[in-house]
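Descriptive analysis of the structure
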Amino acid sequence: MAKVKGPTPQSQDFSQWYLDTIQLAELADYAPVRGTIVVRPYGYALWENIQRVLDGMFKETGHQNAYFPLFIPMSFLQKEAEHVEGFSPELAVVTHAGGEELEEPLAVRPTSETIIGYMWSRWIRSWRDLPQLLNQWNNVVRWEMRTRPFLRTSEFLWQEGHTAHATREEAEEETARMLGVYLKFAREYAALPVIPGRKTEREKFAGAVYTTTIEGMMKDGRALQSATSHFLGQNFARAFEITFQDRDLQEKYVWTTSWGLSWRIIGGIIMTHGDDQGLVLPPKLAPIQVVIVPIYKAESKERVLSAAKTLEAELAAAGLRVLTDDRDQYTPGYKFHDWELRGVPYRVELGPRDVEANAAVIKSRIGEKETVALGELKNLLPERLEALHDALFARALEFRKAHTRVVDDYEAFKEAVAEGFALAYHCGDAACEKAIQEETKATARVIPLEFPEHGVLQDDEALRETGEGVCVRCGRPAAYGRRVVFARAY
Ligand SMILES: [Zn+2]
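Below: a short report on this structure. (Residues numbered from 1 in each chain as written. Predicted model: local features only at pLDDT ≥ 70, side-chain atom pairs only at ≥ 80, totals over all residues. Heavy atoms only, no water.)

Focus: the overall build of the protein chain
If you tally the helices and strands in the protein chain, you get 15 helices and 23 strands. A compact globule built from 490 residues should have a C-alpha radius of gyration of about 23 Å, and the protein chain, at 25 Å, falls within 12% of that. Seen through its principal axes, the protein chain has C-alpha atoms that stretch 80 × 60 × 45 Å. Counting across all 490 residues of the protein chain, residues that qualify as buried make up 56%. Long-range pairs, those at least 24 residues apart, make up 70% of the contacts in the protein chain between residues at least 6 apart in sequence. Taken as a whole, the protein chain presents about 21,200 Å² of accessible surface, with 49% of it coming from carbon and sulfur. Here the protein chain contributes 59 positively and 71 negatively charged side chains, and the mean placements of these two sets differ by 2 Å. (Helix = DSSP H or I, 4+ residues; strand = E, 2+ residues; numbered from the N terminus. Rg over C-alpha atoms; globule rule 2.2 N^0.38 Å. Buried < 20%, exposed > 50% of the residue type's maximum accessible area, 1.4 Å probe, protein only. Contact = heavy atoms within 4.5 Å. Areas by Shrake-Rupley, 256 points an atom, 1.4 Å probe, with all protein chains shown as cover. Lys, Arg positive; Asp, Glu negative; His and termini not counted. Charge placed at Lys NZ, Arg CZ, Asp CG, Glu CD.)

See the structure below:
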């Protein structure tokens, strides 16, 4: 009898567990060109749900979608010094096309600040043309030496938001607003208890004045940068001569921002919630929220299937994404394991005796079985999915707290980053940060920032602490006025 193959246990080899789970759940597969992946239909359905939710949030905050070309003249990238330095090592460049060598090589976009900056320099004339609030869903290419599906691939899908404003204040507000959008998405849809805040100078985006981020903890204790929002100041405006005539008739440079979230977030979801049985998908993003598994013999097949289809229609009408697994070639036991592997949040088991008793057995992906009345399911399951979301969030938060240590000496710091996050004071010197990375493999992930409307730091007392300590490594006076999260990162 066919058995569902499970992933390598997490405790044995977390990294192999991750790769196995992606393959077995049919989220993605390796493609012929090294570092590229194929996203299979189940994985793409998850990405589409992520897109749908975020796209709605971007539009609610006044942004419009647009599309800029894949090819960018090399000279554009060279205009902003830090930007080109940051991206050069991973650029893919087209030198030949149409059977000829090109006059100017073309970069395959690693990100679109430069080409959008160029277009803005033509579109923006006056304060009346501001703000510009754009987003695009696209693919970008960054040639990676060490690759891992969803986390690090040479080509990846993402969205990149780009905005231009008349004042510094407006652009900084936008930077914070969009980090808030990512924070809300991560917490309220993906059930990820990420930590919001700023990057250090050493870790910021190439060309930004500063970068804000949300950082999550994976089940192996490592950090994952899950989205970023950058305040670009006037760096790109000066490089591309993006000026406008202000109300006071003065010609001024605009202030710009950019912000992005990629399919890395899928890796974050997998590694935050998954277990030895495979994926555990957050209910609000799961392609299938409820699977109905009919259990029957030849003589009861018609009755059971008909009851399953009726239930499926009721649940779909209640707004749930539901599927009846009526594959005849597999046993119910096989189907249970298969849908567990794929992380479906709830399953309904329906047998002939259940149908007779107007009942069904339900089970959450992380819970126990219980018997409930058939007619109640359409009201009960939406509540249960909400409760499962809350349970996943609480479980992940508890894990993060249990693997976070407040440390004041370097030996304790080394122990802390070997298994999770270290909260430590730091001098703010990039050379000291680099030495920490060389000595411990850990980097400064985030300087926590409070977002009162999300109440995030309320989750964790250690994150809220402010003070004037000394650097955990060098003993010099600390910068930032609070502890920094250090961790080994993906
Ligand atoms: Zn230091």
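Notes on unusual backbone geometry
Note that the residue after Leu130, namely Pro131, is joined by a cis bond; omega there is -5 degrees. Of note, Pro131 is situated in the loop between helix H5 (113–123) and strand S7 (132–141). With a phi close to 55 degrees, Asn358 is a non-glycine residue in the positive phi region. Within the fold, Asn358 resides in the loop between helix H11 (352–356) and strand S18 (359–364). Among the residues examined, Asn358 registers a relative accessible area of 52% and is labelled exposed. The phi dihedral of Lys441 is positive, around 70 degrees, even though this residue is not glycine. Of note, Lys441 is situated in the loop between helix H14 (430–440) and strand S22 (443–448).

Thoughts on the packing of aromatic side chains
Within the structure shown, the criterion is met by 17 aromatic pairs. A network of ring pairs unites the aromatic residues Trp47, Phe58, Trp137, Tyr182 and Trp259 as a single cluster. Stacked on the ring of Trp127, the Lys or Arg Arg247 has its end atom at 4.0 Å from the ring centre. For Lys284, the ring lying beneath its charged end belongs to Tyr189, and the centroid distance is 5.7 Å. (Phe/Tyr/Trp six-rings, centres within 6.5 Å; stacked < 30°, edge-to-face > 60°. Lys NZ or Arg CZ within 6 Å of the ring centre and 35° of its normal.)

With respect to the sheet that holds strand S16 (residues 322–324)
If you walk across this open sheet you meet the five strands as S16-S15-S17-S18-S19, and the pairing is mixed. Each end of this open sheet is capped by a strand with a single partner; those strands are S16 and strand S19 (369–373). Geometrically, the sheet is characterised by an average inter-axis angle of 25 degrees between neighbouring strands, direction not taken into account. Sheet analysis places strand S15 (residues 290–294) next to strand S17 (residues 346–350), joined by five bridges and oriented parallel. Directly across from Val291, in S17, lies its bridge partner Arg347. Contacts between helix H10 (residues 332–341) and the sheet are confined to S15, S16, S17 and S18, with S15 contributing the most and set at about 170 degrees to the helix. (Pairing = 2+ DSSP bridges. Axes fitted to C-alpha atoms, helices over the stretch in contact; angles between N-to-C directions.)

Observations regarding the coordination of the zinc ion
Around the zinc ion, the protein supplies Cys427 (SG), Cys432 (SG), Cys471 (SG) and Cys474 (SG) as donor atoms, at distances of 2.3 to 2.4 Å. Within one chain, the residues serving as donors to the zinc ion are arranged as C-x4-C-x38-C-x2-C. With a gap of 39 residues between them, Cys432 in helix H14 and Cys471 in the loop between helix H15 (461–464) and strand S23 (484–487) connect regions that are remote in the sequence. (Donors = N, O, S within 2.8 Å, 3.2 Å for Na, K, Ca; no water.)

Observations regarding the pattern of salt bridges
Side-chain pairing between opposite charges can occur once the charged atoms of the two side chains come close. Counted by the stated rule, this structure contains 33 salt bridges. With its nearest N and O atoms 3.1 Å apart, the salt bridge here joins Arg168 to Glu172. Placement of the pair is Arg168 and Glu172 together in helix H6 (residues 168–188), with a separation of four residues, close to one helical turn. Arg168 gets classed as partly exposed once you look at its relative accessible area, which sits at 33%. Among the residues examined, Glu172 registers a relative accessible area of 24% and is labelled partly exposed. Among the ionic pairs, Lys369 bridges to Glu349, the shortest N-O distance being 3.3 Å. Highlighted residues: Lys369 in strand S19 and Glu349 in strand S17, separated in sequence by 20 residues. On the accessibility criterion, Lys369 (48% relative accessible area) is partly exposed. For Glu349, a relative accessible area of 6% puts it in the buried group. (Salt bridge = Lys/Arg side-chain N within 4 Å of Asp/Glu carboxyl O.)

Points about a nonpolar patch on the surface
There is a patch of nonpolar side chains on the surface, built from Val33, Trp143 and Met145 and spanning about 330 Å² of accessible area. Secondary-structure assignment places Val33 in the loop between strand S1 (28–30) and strand S2 (37–39). (Patch = residues over 30% accessible without salt bridge, like charges linked within 9 Å, V, L, I, M, F, W, Y side chains within 5 Å.)

Digging into empty space enclosed by the protein
On inspection of all chains with the given rule, the structure shows four cavities of 30 Å³ or more. By volume, the largest cavity is sized at about 70 Å³. Forming the walls of the largest cavity are Val291, Phe336, Trp339, Glu340, Val344, Pro345, Tyr346, Arg347, Lys363, Ser364 and Arg365. The set of elements that each furnish at least two residues to the lining of the largest cavity consists of H10, S17 and S18. Among the elements that line the lining of the largest cavity, the one with the most residues is H10, at three residues. In terms of residue class, the lining of the largest cavity is made up of six nonpolar, one polar and four charged. (1 Å grid on protein atoms, 1.4 Å probe; cavity = no way out; pocket = protein on both sides within 12 Å on 5 of 7 lines; lining within 4 Å. Points joined across faces, edges and corners; volume = space filled by probe spheres on them. Nonpolar A, V, L, I, M, F, W, Y, C, P; charged D, E, K, R; others polar.)

Digging into the layout of surface pockets
The calculated volume of the largest pocket comes to roughly 1,900 Å³. As for the largest pocket, its lining consists of 50 residues, of which Glu144, Arg152, Gln225, Arg264 and Tyr490 are closest to the centre. When residues of the lining of the largest pocket are traced back to their parent elements, those giving at least two are helix H4 (81–87), strand S8 (155–165), strand S11 (223–233), strand S14 (255–262) and S22. Of the residues that constitute the lining of the largest pocket, the class distribution is 14 nonpolar, 17 polar and 19 charged. Each of domain 1 (14–273) and domain 3 (404–487) contributes no fewer than three residues to the lining of the largest pocket. (Domains from an automatic or database assignment.)

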